[in-house]
Amino acid sequence: MQFGIFTVGDVTTDPTTGRTPTENERIKATVAIARKAEEVGLDVFATGEHHNPPFAAPANPPVLLAAVAAQTERLVLSTSTTLITTNDPVRIAQDYAYLQHLSDGRMDLMLGRGNTGPVYPWFGKDIRDGIPLAIENYALLHRLWREDVVNWQGKYRTPLQGFTSTPRPLDGVPPFVWHGSIRSPEIAEQAAYYGDGFFSNHIFWPASHTKQMVELYRRRFEHYGHGSADQAIVGLGGQVFMRRNSQDAVREFRPYFDNAPVYGHGPTLEEFTSQTPLTVGSPQEVIERTLAFREYAGDYQRQLWLVDHAGLPLKTVLEQLDLLGEEVVPVLRKEFAALKPAHVPDAPTHAARVAAAGGARDTTVHAAADDVTGASPEPTTLEVTS
Amino acid sequence: MTTQTPFHLAVVTAGVTQPSSTRLLADRLTEATVRALAPLDVVVEVVDVRDVAHDLTNNVLTGFASPDLQVRLDAITEADAVVVATPVYAASYSGLFKMLVDVLPQDALRDTPVLLGATGGTARHSLAIDHALRPLFAHLGALVAPVAVFAASEDWGSVEAGRLGERIERAGTAFAALVQGSPRAARVDPFAQVTPFESMLTDLRH
């Protein structure tokens, strides 16, 4: 099982000091947080994609993830989420394949539709097409990573004739894809159809939402013949704030909770912690709460926590990572491993996927020497060597 | 002995005072309906909006219902028929009443028979039922009963009050007839009956 953190990159005023970080501070802090995640022994760092204030998350996550890849050695880099609706699937195929090469396969990605209406028209799209865009764009992305030459025609972008997406996936194995959704059964169905991973955001909403979506995904994963329901690849979000003493955690986190853009001025901290997976307390409480996720989501492969939002200062976030790395994750690794039946797969990694594919193979497409027209190679231009 | 599935009647009342004339109207409309539905076995579930006022605000802000509110939303969604009663504030239904309607799941009241009731300080507000409540429930796709009841302060206190009783009785009887003539279709659970992915892909080609 993999443990890590995910961020949305919000630039939020610290309610205890009234100070708002600059974009530059937030961007540099995000890199520091990712490096710290590796240092304390976490497995995954995932970044959101945003195009507007109050966020300083990258508009194209591979930009940030490439920088982090260059400064880390083990950390798996992912997204939370990559917008499959408003991005051109051709650019997703190319940018993430490039990241896959740069990071030596230490990456995957989570696709989402995005939750901000205004973002769609910025990229020439219509929010009412959210689900169909997610379906068509991913159908194309899936082919671009698996077929060297693609002829394609769809509803939402210009057709492709004899198109080769470059670079080709590292070792001939496409990046692993998670599909993220909170309440749309269509997306759980999509993840199941392809045998991809399903990630439930899980935070900000009651566990009943997660249970419903994960059950549907598992059932349909089995229906499409990818394995038994309990072998489907599930990831969950979580949200924690810890101090060694539970009361200290509650006292320190309350002003951040009360003023956070996502839930501030609504339910009380106590209501929200009882109704959603948010856990504010001691490392032991976080361990117990996290282990209980398995009771309704089944044995799962990836746990990501949100620890750096709502204006929490960098120093505090780094302390949270220390607690996760020193006290929480070592216990959870042991406990989850002891509970997991042997036939339930581990979290997907590049190495394991290469091995499952029968070993690494280079799939570079050396285009026909046509640098005059820049034409892509045709599937029929095979050299006869006999 | 035959076992009969009970008929579920949800009652939404948005009065805020204690005692509340809106609650009184809701109760009277419910009694009249239950009487007219006899010998049907009717289970009545009352949702007093005041009890979940904070939960409604939280739901609007967070996007999910607290357990207390969820129980009430489920009762309304799963009801075979619904009686609603709201005070008229500023020429329309109350804000609290509308917040409840706002957080109902999509299609929660589609094809559900609904009996409308409203209260106000003066009979001059009586058209609020027709210019505010009726369009709202038409939008929700509910089967709105033609006979609704508006009760002004004077209806409760004057010698003419007897007329209110007659109007309630008439509304209840008409509502019961409507309800019995329109069995509601079962709700579709999108998680139980998922659209197969192939058909989503096929839809894109049209």
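Residues numbered from 1 in each chain as written. Chains lettered and ligands numbered in written order. Predicted model: local features only at pLDDT ≥ 70, side-chain atom pairs only at ≥ 80, totals over all residues. Heavy atoms only, no water.

## A closer look at the UniProt feature "domain: NADPH-dependent FMN reductase-like" (unreviewed entry) in chain B
In the UniProt entry, the feature "domain: NADPH-dependent FMN reductase-like" (unreviewed entry) is given for residues 11-156 of chain B. Between the end C-alpha atoms of residues 11-156 of chain B there is a gap of 21 Å, over a span that is 44% helix and 24% strand. (UniProt positions renumbered as here; feature names shortened; annotations may be inferred. Helix = DSSP H or I, 4+ residues; strand = E, 2+ residues; numbered from the N terminus.)

## Let's talk about the interface of chain A and chain B
Opposite the 31 residues of chain A that make contact, chain B presents 19 residues. When chain A packs against chain B, close to 2000 Å² is buried across both sides, 70% of that on carbon and sulfur atoms. Taken as a group, Ile-135, Tyr-193 and Gln-275 of chain A account for 22% of the area that chain A buries against chain B, more than any other trio of residues on that side. Here chain A is connected to chain B by 0 salt bridges. Summed over the shared surface of chain A and chain B, the number is 5 residue pairs in polar contact (both at pLDDT 80 or more). In terms of residue count, helix 6 (residues 185-194) of chain A provides more of the side of chain A that touches chain B than any other element does, 6 residues in total. Taken together, the residues of the side of chain A that touches chain B break down into 16 nonpolar, 7 polar and 8 charged. (Contact = heavy atoms within 4.5 Å. Buried area = accessible area lost by both parts, 1.4 Å probe. Salt bridge = Lys/Arg side-chain N within 4 Å of Asp/Glu carboxyl O. Polar contact = N/O pair within 3.5 Å; in protein donor to acceptor, adjacent residues only side chain to side chain. Nonpolar A, V, L, I, M, F, W, Y, C, P; charged D, E, K, R; others polar.)

## Looking at the environment of Ala-128 of chain B
Residue and element names in this part refer to chain B. Topologically, Ala-128 is positioned in helix 5 (residues 128-139). On the basis of relative accessibility, which here comes to 5%, the residue Ala-128 falls in the buried class. When the C-alpha atoms of Ala-128 and Pro-87 are compared, they prove to be 9.9 Å apart, with 41 residues separating the residues in sequence. Not counting the four nearest positions on each side in its chain, Ala-128 is found in contact with Val-88, Ala-91 and Leu-133. (Buried < 20%, exposed > 50% of the residue type's maximum accessible area, 1.4 Å probe, protein only.)

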